[in-house]
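Understanding the architecture of this molecule
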Amino acid sequence: MEFEQDDAERFNSYTVEHDAVELHRCRGKVIDIGKCFCNDSHELKEHRTAMTFRKRALFIAILGIGASAGYFGYHTHIDNVRAAKLEHLVAPKPFFPAGSPWTQDVSHAPVDPQSSTIIAWLADAGGWGTGKMRVDFALRVLQADGTTPSVPFHPGPTFYAADSDKVSAFPLPAGGGLELEDASSYKCPTDQDDCHLIVVDRSHGKLYEAYQANYADNVLTATLVAVWDLNRVYPPSGRGDQCTSTDAAGFPIAPLLFNADELALGRIDHAIRFTLPNPRIRAHVFVHPATHAGAPRGPVTAPPMGARFRLKASYDMSQLTPAAQVVARAMQKYGMFLSDGGNIALTAQNDRDTKAKYADMDFGPHDLFDVKVTDFEILDMGTPIRLTDNCVRNP
């Protein structure tokens, strides 16, 4: 299959409430099921919450102990408000049964013999997209149940029939939205191409993920639809070797997204999704549990699609904020999977659909900037599989 390359980027303004402070975040535009190279030409806006904190701290230093007492009294009140908001918060349920690779503890798994060589090459090539580990917050994970209305589904003009699941209807929760700038609409703008739609229906044990989704004239269309069975432990070949999904690697997206509720609870019990620019991903191959590779164009010394990175146990977390430490601990225990081509390394679930908010956690897109490629090692990858695009679906 041929995949278009598009170096454009869209700016995503994502607003959360935190003492009336707006946080502006950027996200890179990923064009063809993440199979493209993203060229992120914009700098992220400064983390406004952190700047506000610094300004308040400076104000305290100037005004002295009296102001300090007032400041801390104010923030004690804020902490109490946050605690009330997060009362009765429960850990998110796993998407798949025990035994799935997404929840496998790999803290003691063997390192690949090529790990040092690949990591050194990747560091020399620039490391993460734009050189820093950044976080994108655009993807929503919507919840459906037996009462959620379904809408008719029609294949889009360039529908990937071999890779897609055959559906005639798709659950569409009220108040949901696509992967968009404001994430509050099911209509995909003509100047945007990703428009991922993710809906979890636990009442029927299904995870619906669509790429280039668009709802118009009472019909949902998409270029690809993957319907995952939440009661199944998939084999290493997933939905089928040489088959893509809404991520280039053929993975489900939702189980690899961390969210604000997990940060509030202090633990993430699964692996994490990450991306690299396509020139920094090995061309023409993938490794299980990936089943596809998209359009990487890196050399043999680059990591292949599906590689599992693990943060070194020796990594000093004291330089990270408490919320960022929660993410880092998950990277040590569960690792992170190379899932797609892109410039913003990590993807967190949009907090429109969680009880906790990232502002509550003082967590923003810059908070993992200090985590470098050289802080990771690559776990045993097995034998790379050559990409043919001849999708053969598993039963």
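Residues numbered from 1 in each chain as written. Predicted model: local features only at pLDDT ≥ 70, side-chain atom pairs only at ≥ 80, totals over all residues. Heavy atoms only, no water.

Turning to the confidence of the model for the protein chain, a few remarks are in order. Here the protein chain averages 84 in pLDDT, while 78% of its residues score no lower than 70. When the elements of the protein chain are averaged for pLDDT, helix H1 (residues 48-63) gives the smallest value, 39, and strand S12 (residues 308-311) the largest, 99. Between residues 1-75, whose pLDDT stays under 50, and residues either more than four places distant or in other chains, the model counts 175 contacts. (pLDDT = per-residue confidence, 0-100. Helix = DSSP H or I, 4+ residues; strand = E, 2+ residues; numbered from the N terminus. Contact = heavy atoms within 4.5 Å.)

Attention now goes to the packing of aromatic side chains. One pass over the structure, following the stated rule, counts 16 aromatic pairs. Between Phe 251 and Phe 337 the ring centres are 5.3 Å apart and the planes differ by 65°, which places this aromatic pair in the edge-to-face class. Placement of Phe 251 in the loop between strand S9 (224-229) and helix H4 (260-265) and of Phe 337 in strand S13 (residues 336-341) is noted, with a sequence separation of 86 residues between them. Assigned by exposure class, Phe 251 and Phe 337 land together as buried. Ring-pair connections join several aromatic residues into one group, and the members of that group are Trp 128, Phe 274, Phe 309 and Phe 376. (Phe/Tyr/Trp six-rings, centres within 6.5 Å; stacked < 30°, edge-to-face > 60°. Buried < 20%, exposed > 50% of the residue type's maximum accessible area, 1.4 Å probe, protein only.)

As a further point, take the environment of Asn 231. Mapped onto the elements of the fold, Asn 231 is located in the loop between S9 and H4. You can call Asn 231 exposed: its relative accessible area is 62%. Separated by 26 residues in sequence, Asn 231 and Gly 205 have C-alpha atoms that sit 6.3 Å apart. Ignoring any residue separated from it by four or fewer positions in sequence, one finds Asn 231 in contact with Pro 97 and Gly 205.

Before going further, it helps to examine the pattern of salt bridges. Inspection of every chain in the model, using the stated rule, returns seven salt bridges. For Arg 239, the salt bridge goes to Asp 165, with nearest N and O atoms at 3.2 Å. One end of the pair, Arg 239, is in the loop between S9 and H4; the other, Asp 165, is in the loop between strand S3 (150-155) and strand S4 (169-171), with 74 residues separating them in the sequence. Neither Arg 239 nor Asp 165 differs from the other in exposure class; each is buried. One network of salt bridges, with partners in common, ties together Asp 165, Arg 239 and Arg 393. (Salt bridge = Lys/Arg side-chain N within 4 Å of Asp/Glu carboxyl O.)

Let us now look at the sheet that holds strand S5 (residues 197-201). Two strands in a sheet stick together by hydrogen bonds in their backbones, pointing the same way (parallel) or opposite ways (antiparallel). Read from one edge of the open sheet, four strands run S2-S5-S6-S9, paired in mixed fashion. If you trace the sheet from one side to the other, it starts and ends with strand S2 (142-144) and S9, each paired once. Direction aside, neighbouring strands of the sheet carry axes that sit 20° apart on average. Pairing of strand S6 (residues 206-211) with S9, which is carried by six bridges, proceeds in the antiparallel orientation. Looking across to S9, one finds that Tyr 211 is bridged to Leu 224. (Pairing = 2+ DSSP bridges. Axes fitted to C-alpha atoms, helices over the stretch in contact; angles between N-to-C directions.)

Going through the model one piece at a time under the given rule, you end up with two disulfides. Two residues, Cys 188 and Cys 195, share a disulfide whose sulfurs are 2.0 Å apart. Because the sign of the S-S torsion sets the handedness, a value of about 80° for the bond joining Cys 188 and Cys 195 places this disulfide among the right-handed ones. With relative accessibility at 1%, the residue Cys 195 sits in the buried group. When the bonded cysteines of the protein chain are counted from the start of the sequence, the pairing works out to 1-2, 3-4. (Disulfide = S-S within 2.5 Å.)

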